[in-house]
Amino acid sequence: SKQAPLMEVLKKEVRAMLIAAKAGLTPEQLEEQYMAMVCKPLPLHDLGFQSTLEMVTQMPEVVQICSSKNGALILKAIADDSTKGIAKLVASQKVKTRKASKKTATKANATFLTKNSKNPQSFQALSAGTPVLPAMVKAELQDLLSSSPLLLADLDKAFLRRFGRAFQYRQYGFLSMFEVLRSMSDSIVVEQTKAGSLLVLRKYLASEIEQQKLSQASAAEMPPLEPTCETKSFYQAAVLMDSEPVQTQAVDLGEHLKQHQGFEQFPPTPEIPPDAVQDRSLCSLPPLKRRCLVGVIVEFVVSPSQFYIHICSTEASYKLQDLMFEMRHVYSHKLASDKYIMPESAVQPGQLCCVMVSKWWYRVIIHRVINDQEVEVFYADYGHLQIVQKSWLRFLKWHYLKLPAQAIPCSLAWVKPVEGRWSSAAILLFKHLCRFKELVGIVDEYVDGVLYLFLCDTSTKEDVYFHSVLRDMGYADICGENIPSQEFEELNPSALYVQPSGKQGNAEVVEPDLCLQQESQDADSETATLKLNGAEL
């Protein structure tokens, strides 16, 4: 009796995944994508199946099983009446997006450009349909090549050996490894040799990474309580300017602390380094202008009413990568890392710190203490919550406060779920629309610190506005106003733990260096009629 409703839900989820994949998926790829989207394996055993292939054979109205040229099995969706529209849009999606992206970015912005735009050509620089590697994966590739160049033929084995997993570029939307390398041409050079294509990290990056490694080797020899910086790399100037003032002279530290009791920069116990963050918060990014257009990547999705984005900006991307590199090199050495171990008294909700996951360090805020061994933390730069071991936590160093929290809490503008809450099928479709793509975002407004914006995919022949897709699929109603997100009202970690850069309503808006942002004309007084995807809202 339980299997029938489970099977019906699974059919909807499988159809949504296969429709979003223009070329279809292998059974293995379907398993991977289901795990990535739903965060649990396909319920094969619950339904009495031994394999994914056996399962899809029992979905003849949902899945078509085809054979590729090399003999591999490919699963393709069979659209029903409610999904024919989206299937047609996916079928028209272009494979080559580099040249098309400039034209489609122009097309997406035509409605919103004004005669008074300061830089009417700037939006053409965005490749809205070009796949994008997550910042962590970019950092991993750069780190892999920092020691020495690597033949392209050896990349997969080297990546697996170094990071314990395969480099599956297709899950990020790339069709080939050469597309990946093209997207990282600013940091990786491909040289042709007799042995094959050789991947070389550009000299300035290799030099910086090597300096970090060399300086960190000397840092490991420092006394565990000496309150000086661990690195002398190119970050040193920023550290001296942005760190909380600390005594750097190597003297009898115990006596020195006694003499300065009462000063805020010195912790009450000598076990905590003076540059450890204890009572400070990260700041959010400055608010974006109303009606501006900006390139975005959706980093984490709960629903169309609760998701987090990154702004597509070369400068911002590099800053986050640089932060991850330096934190990895600082905290990866035991003597340096042990200095920042957090005592039990410091492991409290609201404490800003950092955590190690798969050899990389992330800025997090403790959300709740689960038990003696575990805590739930909020990733300020990515937007999600995760349960981690207390032993993985470390105090955050002062100069890692400088970069604002990179994850922006968002809701899709002017829509609401038809059933009161978003269905699992609606959430799954929205995740597929967003996944690993550079999108065009049109800023509507901020409500209680949450950014409400429209999202548009310009990689297809016709611009795809996500609110229209959800409406056409019967998952959403267009309401013409922004209803406060029920999900964010229940829990908004950013509002709890991240300090606003200024009150959204009264603050002077800072215009970041973004390739798509445009100035609107009299935005506050204008009653704008937006025609998105040909539908007047």
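Rules used throughout
Residues numbered from 1 in each chain as written. Predicted model: local features only at pLDDT ≥ 70, side-chain atom pairs only at ≥ 80, totals over all residues. Heavy atoms only, no water. UniProt positions renumbered as here; feature names shortened; annotations may be inferred. Pairing = 2+ DSSP bridges. Helix = DSSP H or I, 4+ residues; strand = E, 2+ residues; numbered from the N terminus. Axes fitted to C-alpha atoms, helices over the stretch in contact; angles between N-to-C directions. Patch = residues over 30% accessible without salt bridge, like charges linked within 9 Å, V, L, I, M, F, W, Y side chains within 5 Å. Areas by Shrake-Rupley, 256 points an atom, 1.4 Å probe, with all protein chains shown as cover. Salt bridge = Lys/Arg side-chain N within 4 Å of Asp/Glu carboxyl O. Buried < 20%, exposed > 50% of the residue type's maximum accessible area, 1.4 Å probe, protein only.

Under the annotation held in an unreviewed UniProt entry, the protein chain carries the name Tudor domain-containing protein 5 and is attributed to Peucedramus taeniatus. What UniProt records for the protein chain under Subcellular location (unreviewed entry) is the sentence "Cytoplasm".

(A) Local environment of the sheet that holds strand β11 (residues 385–389). Spatial ordering of the open sheet is given by β11-β10-β9-β8-β12, a layout of five strands whose pairing is antiparallel. The strands lining the two open edges of the sheet, one partner per strand, are β11 and β12 (393–395). Here the average twist between neighbouring strands, direction ignored, is 50 degrees. Pairing geometry for strand β10 (residues 374–379) and β11, over five bridges, is antiparallel. The partner of phenylalanine 378 across the bridge, within β11, is leucine 385.

(B) Quick look at a nonpolar patch on the surface. Together, Leu53, Ile65 and Leu73 give the surface a local cluster of nonpolar side chains, amounting to about 210 Å² of exposed area. Looking at where leucine 53 falls in the secondary structure, it is placed in helix α3 (residues 52–57). By relative accessible area, which is 32% here, leucine 53 ends up partly exposed.

(C) View of the pattern of salt bridges. According to the stated counting rule, one finds 15 salt bridges in the structure shown. Glutamate 8 is paired through a salt bridge with lysine 11; the nearest N and O atoms lie 3.7 Å apart. Remark: lysine 11 and glutamate 8 occur in helix α1 (residues 3–20); sequence separation between them is three residues, near one turn of the helix. For glutamate 8, a relative accessible area of 45% translates into the label partly exposed. As a salt-bridge pair, lysine 334 and aspartate 338 come within 2.6 Å of each other at their nearest N and O atoms. With lysine 334 and aspartate 338 both in helix α13 (residues 334–338) and four residues apart, this pair spans about one turn of that helix. Its relative accessible area of 30% is what places aspartate 338 among the partly exposed residues. Each of the salt bridges in this network shares a partner with another, and the network as a whole consists of Glu8, Lys11 and Glu61.

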